[in-house]
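Architecture and fold: a report
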Amino acid sequence: MTNAIETKDLTYRPGKSFLLDHLNLRVPTGAIYGFLGPNGAGKTTTIRLVLGLLKPEAGSIAVLGKPVPSRVREVLARTGYVPERPHLHLSLTVEESRRFHRAFYPGWDDPWATEQLRRFGLEPNRLLRQLSKGEMGKLMITLALAQRPELLVLDEPTDGLDPVVRRELLSAMLEYVSERGATVFISSHLVHELERVCDWVGVLDRGRLVSEMPMQDFKNGIKRLVFTSPPHLVDQTPFQILARETLDSGSEVWVVRGWQPDMVTWVLHQEGSLREVQDLDLEEAFVELLSSARGGGAPNVGRPTMAAMA
Amino acid sequence: MFKAILFTQWKWGRLLLLLATLAGFAIPLLSVQGLTTTYGNFYVVTSLQAFGIAYPLLAGAAGLLLSLSAWTSDHRGRHVYALSLPVARWRYVLMRYQSGLVLLLLPMLGIWLGAILATRFIHIPPGLHPYASSLALRFALSAALAYTAFFAISSGTPRTAGIVLGIAAVLVAIQVLASAAGFDFNLLKPVFDRLFIWPGPFEIFTGRWMLLDV
């Protein structure tokens, strides 16, 4: 499996209080990769590094097989980018903006762009500064997709938008991906939104990659176990304990990662009594994972995480 | 690509370009207004000299304002758009710079046409010669120089612009304080001389800007 984006020990310190710390990110080609993290985790900084907008202090970045920033122009010609905040020239009209953008991309699909703008109801003569947040989002995604990119990088593209516009934008993206098989790298702190569309997920917190794995594994692998009496040898579990809480009744609730049904046998061998195994939705799993990472647990970085689930 | 960038710069600077072109067209015509055949060479030259200051001022203002308008939108978007386009940074900056130079041809054309018309309207006294094309060329070079200098400053970060403006403000403040305290000392004159007297880089702005001369 090749990677559309790959960083090795990527390090960047934009200020005294924040450090992007030895980031090893791998976005498989063809994946829709959700880049999750709370506000201030470093998602936008990572994206800017990946697109060569910032220069890393250490480590390496490869995007679409090309090193960044040394060959970033080749990468940008094949990448559609929708930043967190509108970046277009606000004094241009929708039509002028389309023509300006078109001039830089050899693979530009003008009929598609025109049709998509019409479908989105964006009048050609409207000034960009007069567009609502939703309309601006529609314009930015249209311009990014009309480039016919192999990689689409979306930085919180639906943040602050109403559900109808959010759905329209995500539909446009998914339609394109299904046609072209492009890779999508989408950052967000809206966990539920990514749950629906992504097949890979990476979780970033305070500049560290806490987890990176297929979405299905992420959703299935994190469970809440309710014990009437907990097993012995807690430090030798075949799964990872993210959180552990003792209730008044003496029973215990564990949030674990890497749980498999056959591990019930291990619990029984350790003289534990398991009352219930609860599924966590992605948001709960995300919160538990972050709590664990921040609480000095053992965050798993990179894919070796999956070894615990085997 | 160049056409796209030229268009944006035209859109952002078209009002000031229109005004500069009109002003450039009008100044030579105004400068010869009222001059009749009865006036001698000295009066004509003196009269035209009074308008001579208007050309470098217009060149400086056009260069300054066009350079500012060239970068305002990019600064507002923190240059994210420009940097995310698949074009080398130096090439993007060069295209923005070249676009401004192309657009400065408009006020130059205004001056050239105005100067040609002005010299047709009056009877040129013997011994004086019209310099319409030279005047327009000098305007073009001055405007290009002002544009280049301000473009370089405004293309940098706000910090760079702040440092340049800060140094200028400190010099002026020191001069004002020194004058108020009664010190016989002029700090600005040597700076001005270094910049505007030969071999200073802005020497072209000074001297005689004459539509008619000997």
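A quick note: this is a predicted structure, and the numbers were derived from the prediction, not measured.

Considerations on the overall build of chain B
- Counting secondary structure elements, chain B contains 9 helices and 2 strands.
- For chain B, the sequential pattern of α-helices and β-strands runs α-α-α-α-α-α-β-α-α-α-β.
- In terms of its C-alpha atoms, chain B occupies a principal-axis envelope of roughly 65 × 55 × 25 Å.
- Evaluated residue by residue, chain B yields a buried proportion of 31% over its 214 residues.

Section: the overall build of chain A
- Assigned secondary structure in chain A consists of 10 helices and 15 strands.
- Across chain A, the fraction of contacts at a sequence separation of at least 24, relative to all contacts at a separation of at least 6, is 73%.

What about the interface of chain A and chain B?
- Between chain A and chain B, the contact holds 16 residues from the first and 16 residues from the second.
- Contributing elements (two or more residues each) for the side of chain A that touches chain B: helix H2 (72-77) and helix H3 (94-102) of chain A.
- The element best represented in the side of chain A that touches chain B is H2(A), accounting for 3 residues.
- The residue makeup of the side of chain A that touches chain B, split by class, is 11 nonpolar, 3 polar and 2 charged.

Things to note about the sheet that holds strand E8 (residues 151-155) of chain A
Residue and element names in this part refer to chain A.
- If you trace the 6 strands from one edge of the open sheet to the other, you get E7-E8-E9-E4-E10-E11, paired in mixed fashion. Of all the strands in the sheet, just strand E7 (79-82) and strand E11 (208-214) have a single pairing partner and so form its edges. Direction aside, neighbouring strands of the sheet carry axes that sit 15° apart on average.
- Sheet strands touched by helix H10 (residues 282-294): strand E4 (32-36), strand E10 (200-205) and E11. Its angle to E10, the strand with the most contacts, is close to 40°.

Side note on unusual backbone geometry
Residues and elements named next belong to chain A.
- With an omega of 15°, the peptide bond running from Val68 to Pro69 counts as cis.
- Within the secondary structure layout, Pro69 lies in the loop between strand E6 (66-68) and H2.
- With phi around 45°, His22 is a residue other than glycine that occupies positive phi space.
- Within the element layout of this structure, His22 appears in strand E2 (residues 18-23).
- The class for His22 is partly exposed, based on 16 C-beta atoms found within 10 Å.
- The phi torsion at Glu156 lies on the positive side, around 45°, for a residue other than glycine.
- Of note, Glu156 is situated in the loop between E8 and helix H6 (163-180).

Details of the packing of helix H6 (residues 105-121) of chain B against helix H7 (residues 132-154) of chain B
Residues and elements named next belong to chain B.
- Interhelical geometry of H6 versus H7 gives an angle of 160° and a closest axis separation of 8 Å. Between H6 and H7, the crossing angle belongs to the class labelled roughly antiparallel. Considering only the axes of H6 and H7, their crossing is right-handed. Here Pro107, Met108, Ile111, Trp112, Ala115, Ile116 and Thr119 of H6 come into contact with H7, specifically with Ala132, Ser133, Leu135, Ala136, Phe139, Ala140 and Ala143.

Regarding the pairing of strand E1 (residues 3-15) of chain A
Residues and elements named next belong to chain A.
- Pairing geometry for E1 and strand E3 (residues 26-28), over 3 bridges, is antiparallel. Across the sheet, Glu6 pairs through a bridge with Arg26, a residue of E3.
- Where E1 meets strand E5 (residues 58-63), 5 bridges bridge the pair, whose relative direction is antiparallel. Along E5, the bridge assignment pairs Glu6 with Ala62.
- As consecutive antiparallel partners, E1 and E2 are separated by 2 residues.

Side note on the sheet that holds strand E15 (residues 273-279) of chain A
Residue and element names in this part refer to chain A.
- Spatially, E13-E14-E12-E15 is the arrangement adopted by the 4 strands of the open sheet, whose pairing is antiparallel. If you trace the sheet from one side to the other, it starts and ends with strand E13 (240-246) and E15, each paired once. Averaged over all pairs of adjacent strands, the angle between their axes in this sheet comes to 20°, without regard to strand direction.
- As paired elements, strand E12 (residues 222-229) and strand E14 (residues 252-257) share 6 bridges and run antiparallel to each other. Residue pairing for E14: Phe227 is matched across the bridge by Glu252.
- In this fold H10 packs onto E12, E13 and E14, with an angle of close to 90° to the strand it touches most, E13.

Observations concerning the pairing of E15(A)
Residue and element names in this part refer to chain A.
- Of all 7 residues in E15, 0 are buried; the element is thus mostly exposed.
- Two strands pair when backbone bridges link them, and E12 and E15 are joined in this way by 6 bridges, in the antiparallel orientation. Residue Val226 lies in a different strand from E15, and its bridge partner there is Glu276.

Focus on helix H5 (residues 89-103) of chain B
All names here are of chain B.
- When the terminal C-alpha atoms of H5 are compared, their 21 Å separation across 15 residues agrees well with the 21 Å that a helix rising 1.5 Å per residue should span.
- Within the sequence span of H5, burial applies to Arg96, Ser99, Gly100 and Leu103. All buried residues of H5 lie within an arc of 100° about the axis, which places them on one face of the element.
- In this structure, the buried side of H5 is in contact with helix H1 (2-32), helix H3 (54-76), H6 and H7.

Thoughts on the packing of H5(B) against H7(B)
Residues and elements named next belong to chain B.
- The geometry of H5 relative to H7 is characterised by a closest axis approach of 10 Å and an angle of 150° between their N-to-C directions. Considered as vectors, H5 and H7 are oriented roughly antiparallel to each other. Seen along the crossing, H5 lies across H7 with a hand that is right-handed. Counted together, Tyr97, Gly100 and Leu101 of H5 and Ala144, Tyr147 and Phe151 of H7 form the full contact between these two elements.
- Taken together, the residues of the contact of H5 with H7 sort by class into 5 nonpolar, 1 polar and no charged.

Considering the confidence of the model for chain A
- When pLDDT is averaged along chain A, the result is 85; 95% of the residues meet or exceed 70.
- Contacts of residues 296-310 of chain A to residues separated by more than four positions or lying in other chains number 27 contacts, the stretch itself having pLDDT below 50.

Quick word on the nonpolar core
- Grouped together as the largest cluster of nonpolar side chains are 83 residues, with contacts concentrated most on Tyr33(A), Val50(A), Val63(A), Val153(A), Val184(A), Phe185(A) and Val201(A).
- Counting residues per element, this core draws most heavily on helix H5 (residues 133-146) of chain A, which supplies 7 residues.
- Ignoring sequence-local partners within four residues, the contact set of Val201(A) consists of Gly34(A), Leu36(A), Leu194(A), Met213(A), Met215(A) and Phe218(A).
- Ala20(B), Val32(B), Ala132(B) and Ala144(B) belong to the second-largest nonpolar core, a separate cluster that totals 37 residues.

Conventions we followed
Residues numbered from 1 in each chain as written. Chains lettered and ligands numbered in written order. Predicted model: local features only at pLDDT ≥ 70, side-chain atom pairs only at ≥ 80, totals over all residues. Helix = DSSP H or I, 4+ residues; strand = E, 2+ residues; numbered from the N terminus. Buried ≥ 20, exposed ≤ 12 C-beta atoms within 10 Å, placed from the backbone. Contact = placed C-beta atoms within 7 Å. Nonpolar A, V, L, I, M, F, W, Y, C, P; charged D, E, K, R; others polar. Pairing = 2+ DSSP bridges. Axes fitted to C-alpha atoms, helices over the stretch in contact; angles between N-to-C directions. Parallel < 35°, antiparallel > 145°, perpendicular 65-115°, else oblique. Left-handed = near helix turned anticlockwise from the far one by under 90°. Expected span 1.5 Å × (residues − 1). Arc of directions from axis to C-beta. pLDDT = per-residue confidence, 0-100. Core = buried A, V, L, I, M, F, W, Y, C linked by C-beta atoms within 7 Å.

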